[in-house]
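Coordinates in review
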Amino acid sequence: MNDTMTNLKKYTDEELNLIKRNELMILKEIIRLCEENNLKYYLYGGTALGAIRHKGFIPWDDDIDITLFREDYERLMEILDEQLDEKFEILNSKKQEDYFLPFTKVSLKGTRFEEFWVEQVSFNIGFFIDIFPLDNIPESEFKFKIQYYKCRIYYHLLVNSIVKIETGSKINSFLHKFLHSFLNIIPRSDKFFKKKYLKSLIKYNNIETNFVTDYYSQRGIYIFDKQDFEPSKKVKFESIYANIPKNCDKILTEIYGNYMELPPKDKRFNHAPEVLDFGKYNETYYK
């Protein structure tokens, strides 16, 4: 999802190609379930950018993002429970008590694509795609700011109640470790913050409003007009065709600015896993 952040992992060409093939396999399964059940999904962030600019993955990218409005997102979660192929696994806060992200990952079993914090939780992460919900935001700027800051506060409290973060500057690392230690004195603080965070995210979903956001982007907060999504359009993404929002240009411009211009090499980003294991899903699997 991040097209202009620094932190470029050096993969071999073979590794990066296999990562993309495995993730494309997951995407095909999610698209199948969405289309069979009339759910509106959209390629999102860097995945939508890649579809427009490269007709597939951004060349150095190593992940796939899709998004749905909250109602379809929750319906998709039910369908995944019932119909998802057994070689995949659902990772989200309903499935795993110590999962702290506000979106779902669908992961390929028997593989590993793990960042540093995975050692601190009870679940493993294989090759995955991210599925983001879009939530309503209020028309009032004042109410929106209150909702936004509540979401950010509860999110950071939730994360620090579950994992100890030791990255960033020495001061930030110290503050994260202190907060983690303090929050772990409080019995089941993670459950409390998870509940509060979700309540803040969905606060305005039962009212009529023209605008939505995903409330998670590490690049900042982006407000999207609902009318820019439907009717969706089909575009080529690698070997398949997938949906993007009707006014994808406006959405990508909001996130990336001049998204058709390639960023310099020192501003390119991917997820740099600590552990990379293809299991049986290697070159032989695809022959």
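This section reports on the structure supplied with the text. (Residues numbered from 1 in each chain as written. Predicted model: local features only at pLDDT ≥ 70, side-chain atom pairs only at ≥ 80, totals over all residues. Heavy atoms only, no water.)

A few words on the overall build of the chain. Along the chain, the regular secondary structure elements total 7 helices and 11 strands. Seen through its C-alpha atoms, the chain measures out along the principal axes to roughly 50 × 45 × 40 Å. Here the chain holds 287 residues, and the buried ones make up 51% of them. In the chain, the proportion of contacts linking residues at least 24 apart, taken out of those at least 6 apart, comes to 71%. Of the side chains in the chain, 43 bear a positive and 45 a negative charge, and the two mean positions are spaced by 3 Å. (Helix = DSSP H or I, 4+ residues; strand = E, 2+ residues; numbered from the N terminus. Buried < 20%, exposed > 50% of the residue type's maximum accessible area, 1.4 Å probe, protein only. Contact = heavy atoms within 4.5 Å. Lys, Arg positive; Asp, Glu negative; His and termini not counted. Charge placed at Lys NZ, Arg CZ, Asp CG, Glu CD.)

Take the pattern of salt bridges next. This structure, assessed with the given rule, holds 13 salt bridges. Within this structure, Arg-70, Glu-74, Lys-94 and Asp-135 form a network of salt bridges that share partners. (Salt bridge = Lys/Arg side-chain N within 4 Å of Asp/Glu carboxyl O.)

Attention shifts here to the environment of Asp-277. As for its position among the elements, Asp-277 is in strand S11 (residues 275–277). Spatially, the C-alpha atoms of Asp-277 and Arg-112 are 4.8 Å apart, while their sequence positions differ by 165 residues. Aside from chain neighbours lying at most four places away, what touches Asp-277 is Thr-111, Arg-112 and Phe-127. Polar side-chain contacts of Asp-277 include one of 2.9 Å to the backbone nitrogen of Gly-279. (Polar contact = N/O pair within 3.5 Å; in protein donor to acceptor, adjacent residues only side chain to side chain.)

The peptide bond linking Glu-230 to Pro-231 adopts the cis configuration, its omega dihedral lying at -5 degrees. Structurally, Pro-231 is set in the loop between strand S8 (224–225) and strand S9 (233–237). With a phi angle near 55 degrees, Asn-38 is a residue other than glycine that sits in the positive phi range. You can see Asn-38 is positioned in the loop between helix H1 (13–36) and strand S1 (42–43). Not every positive phi belongs to a glycine, and Glu-238 is a case in point at roughly 55 degrees. Note that Glu-238 resides in the loop between S9 and strand S10 (240–244).

To continue, consider the packing of helix H2 (residues 45–54) against helix H7 (residues 248–256). Remark: H2 packs on H7, axes separated minimally by 10 Å, with the N-to-C direction vectors making an angle of 125 degrees. The orientation of H2 with respect to H7, classified from their angle, is oblique. Remark: the crossing between H2 and H7 carries left-handed chirality. Contact with H2, carried on its side by Gly-45, Gly-46, Ala-48, Leu-49 and Ile-52, involves Cys-248, Leu-252 and Tyr-256 of H7 and no other residues of that element. Looking at the contact of H2 with H7 residue by residue, the classes come out as 6 nonpolar, 2 polar and no charged. (Axes fitted to C-alpha atoms, helices over the stretch in contact; angles between N-to-C directions. Parallel < 35°, antiparallel > 145°, perpendicular 65-115°, else oblique. Left-handed = near helix turned anticlockwise from the far one by under 90°. Nonpolar A, V, L, I, M, F, W, Y, C, P; charged D, E, K, R; others polar.)

Before going further, it helps to spend a moment on the packing of H1 against helix H3 (residues 70–83). When two helices pack together, their arrangement is given by the angle between the helix axes and the distance between those axes. At a minimum axis distance of 11 Å, the contact between H1 and H3 shows a crossing angle of 110 degrees. In terms of orientation, H1 lies roughly perpendicular with respect to H3. For the pair H1 and H3, the crossing hand works out as right-handed. Contacts between H1 and H3 pair Glu-29, Ile-30, Arg-32, Leu-33, Cys-34 and Glu-36 from the former with Leu-76, Ile-79, Leu-80 and Gln-83 from the latter. Split into classes, the residues belonging to the contact of H1 with H3 amount to 6 nonpolar, 1 polar and 3 charged.

Listed in full, the buried residues belonging to H7 are Cys-248, Ile-251, Leu-252, Ile-255 and Tyr-256. The buried residues of H7 occupy one face: seen down the axis, they fall within an arc of 105 degrees. Packed against the buried residues of H7 are H2, S8 and S10. Once H7 ends, the next one or two residues include Gly-257, with phi positive near 75 degrees. (Arc of directions from axis to C-beta.)

Looking now at the environment of Gly-45. Checked against the element boundaries, Gly-45 lands in helix H2. Accessibility expressed as a relative area gives 2% for Gly-45, which makes it buried. Separated by 22 residues in the primary sequence, Gly-45 and Thr-67 place their C-alpha atoms 9.0 Å from one another.

This part is about the pairing of strand S4 (residues 104–108). For S4, the tally of buried residues reaches 5 of 5 residues, placing the bulk of the element in the interior. A two-sided burial pattern is seen for S4, the buried positions comprising Thr-104, Val-106 and Leu-108 on one face and Lys-105 and Ser-107 on the other. Inspection of the sheet shows S4 paired to strand S6 (residues 128–137) by 4 bridges, in the antiparallel sense. Across the sheet, the residue bridging to Ser-107 is Phe-128, located in S6. (Pairing = 2+ DSSP bridges.)

Attention shifts here to a nonpolar patch on the surface. A cluster of nonpolar side chains, namely Ile-171, Phe-174, Leu-175, Phe-178, Phe-182, Ile-185 and Ile-186, defines an oily patch on the protein surface of about 780 Å² accessible area. Mapped onto the fold, Ile-186 is located in the loop between helix H5 (170–183) and helix H6 (189–201). (Patch = residues over 30% accessible without salt bridge, like charges linked within 9 Å, V, L, I, M, F, W, Y side chains within 5 Å. Areas by Shrake-Rupley, 256 points an atom, 1.4 Å probe, with all protein chains shown as cover.)

Before going further, it helps to examine the side chain of Arg-70. Inspection of the secondary structure puts Arg-70 in helix H3. Judged by its relative accessible area of 10%, Arg-70 falls in the buried class. Apart from the residues lying within four places of it in its own chain, the contact partners of Arg-70 are Pro-133, Leu-134, Asp-135, Leu-198, Leu-201, Ile-202 and Asn-205.

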